[in-house]
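The chain contents come next:
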Amino acid sequence: MILPTLPPASFAEADIDIAVLASGSGTNLQALIDSPQVRPHIKLVLSDNDSAMALRRAERSGIETAVVRWEDHDDRTEFSTAVADVIEGRGAKGVVLAGFMRILAPAFIERFPDRILNIHPSLLPSFTGAHAVEAALAHGVKVTGVTVHLVDEEVDHGPIIAQEPVVVRPGDTVETLHRRIQAVEHVLYPAIVEAFVSGELWLDGKEPG
Ligand code: GRF
């Protein structure tokens, strides 16, 4: 795995606290909670969905939670600003997306420049979007994988920090393939987030086209 990325200045600050944003089951959040290096940096788990299992995982671990409901806001910018306000209000400086199913507006990205990470279940730039595993399988690729990247204003775009391949097996279903992808995610994401909160993340300088 290659960690190195980013101009040093972007991540000069060590010991940053993070908010983890999740909408669903939160298995990636759990992997972060289970990392002794990452856990002390998780200030907040925020969801758009008050029945997200991710919130229960946070509560079980004594981590503060917050819910910002999409339905309570007029548009994407207003929703995104409300999310950013909560994160800043709790003192988090970095944002880790872990299955957060809402697209955040540019107004949000600008508030946390170079400080938002996402994990995506494909080898970007292939198969962006919410159905990456299905799309890779339908396309018949023989290798797919996991990407961790910095978030910019385009969906599943932004500088790539790390990737790991996952071989597609004959007879794979979306469920079997996604399970193996998630097993890789649960190792890769804590390693990258650990570097992120420690100020040790570097990019190799390439920007996505
Ligand atoms: C993961 O597969 C991740 O790649 C994608 O959303 C999924 C979230 O799963 N962005 P979980 O909620 O962490 O179990």
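Since we're looking at a predicted model, the values are computed, not measured.

A. Spatial organisation of the side chain of Ser80. Within the fold, Ser80 resides in helix H3 (residues 76-89). Separated by 2.8 Å, the side chain of Ser80 and the backbone nitrogen of Ala105 make a polar contact. The contacts of Ser80, once residues within four sequence positions are left out, are Ile103, Leu104, Ala105 and Phe108.

B. Focus on the pattern of salt bridges. Per the counting criterion, the structure on display carries eight salt bridges. Across the pair Asp48 and Arg102 runs a salt bridge whose closest N-O atoms are separated by 3.0 Å. Remark: Arg102 occurs in the loop between strand S4 (94-97) and helix H4 (106-109) and Asp48 occurs in the loop between strand S2 (42-47) and helix H2 (53-60); sequence separation between them is 54 residues. Several salt bridges share partner residues, and in doing so they unite Asp50, Arg69 and Asp72 into one network.

C. Quick peek at the site of the ligand. Around the ligand sit Ser25, Gly26, Thr27, Asn28, Gly99, Ile119, His120, Pro121, His178, Gln182 and Glu185, and those are all the residues in its vicinity. Taking Gly26, its main chain carries an N or O atom lying 2.8 Å from an oxygen atom of the ligand. In this structure, an oxygen atom belonging to the ligand sits 2.5 Å away from a side-chain N or O atom of Thr27. Against a free-state accessible area of 370 Å², the protein chains account for coverage of 87% of the ligand. Elements that contribute at least two residues to the shell around the ligand include exactly helix H1 (27-33), strand S5 (116-120) and helix H6 (174-197). With three residues, H6 is the largest single contributor of residues to the shell around the ligand. Taken together, the residues of the shell around the ligand sort by class into two nonpolar, eight polar and one charged.

D. Inspection of helix H5 (residues 132-139) at higher detail. Every buried residue of H5 is listed here: Ala132, Val133 and Ala136. In a view along the axis of H5, the buried residues occupy a sector of 100 degrees, so they form one face of it. Looking at the buried positions of H5, the neighbouring elements they touch are S5, strand S6 (143-150) and H6.

E. Spatial organisation of the pairing of S5. Among the five residues that make up S5, five are buried, leaving the element largely enclosed by the rest of the structure. Burial along S5 is two-sided: the face carrying Ile116, Asn118 and His120 and the face carrying Leu117 and Ile119 are both buried. Sheet topology places S4 next to S5; three bridges connect them, and they run parallel. Bridge pairing in S5 places Val96 opposite Leu117. Bridging between S5 and S6 involves four bridges; their strand directions are antiparallel. Along S6, the bridge assignment pairs Asn118 with His149.

F. Seen up close, the side chain of Asn28. Looking at where Asn28 falls in the secondary structure, it is placed in helix H1. If near-sequence neighbours (up to four positions away) are discounted, Asn28 is found in contact with Ala98, Ile119, Gln182, Glu185, His186 and Tyr189.

Conventions we followed
- Residues numbered from 1 in each chain as written.
- Predicted model: local features only at pLDDT ≥ 70, side-chain atom pairs only at ≥ 80, totals over all residues.
- Heavy atoms only, no water.
- Helix = DSSP H or I, 4+ residues; strand = E, 2+ residues; numbered from the N terminus.
- Polar contact = N/O pair within 3.5 Å; in protein donor to acceptor, adjacent residues only side chain to side chain.
- Contact = heavy atoms within 4.5 Å.
- Salt bridge = Lys/Arg side-chain N within 4 Å of Asp/Glu carboxyl O.
- Near = heavy atom within 4 Å.
- Areas by Shrake-Rupley, 256 points an atom, 1.4 Å probe, with all protein chains shown as cover.
- Nonpolar A, V, L, I, M, F, W, Y, C, P; charged D, E, K, R; others polar.
- Buried < 20%, exposed > 50% of the residue type's maximum accessible area, 1.4 Å probe, protein only.
- Arc of directions from axis to C-beta.
- Pairing = 2+ DSSP bridges.

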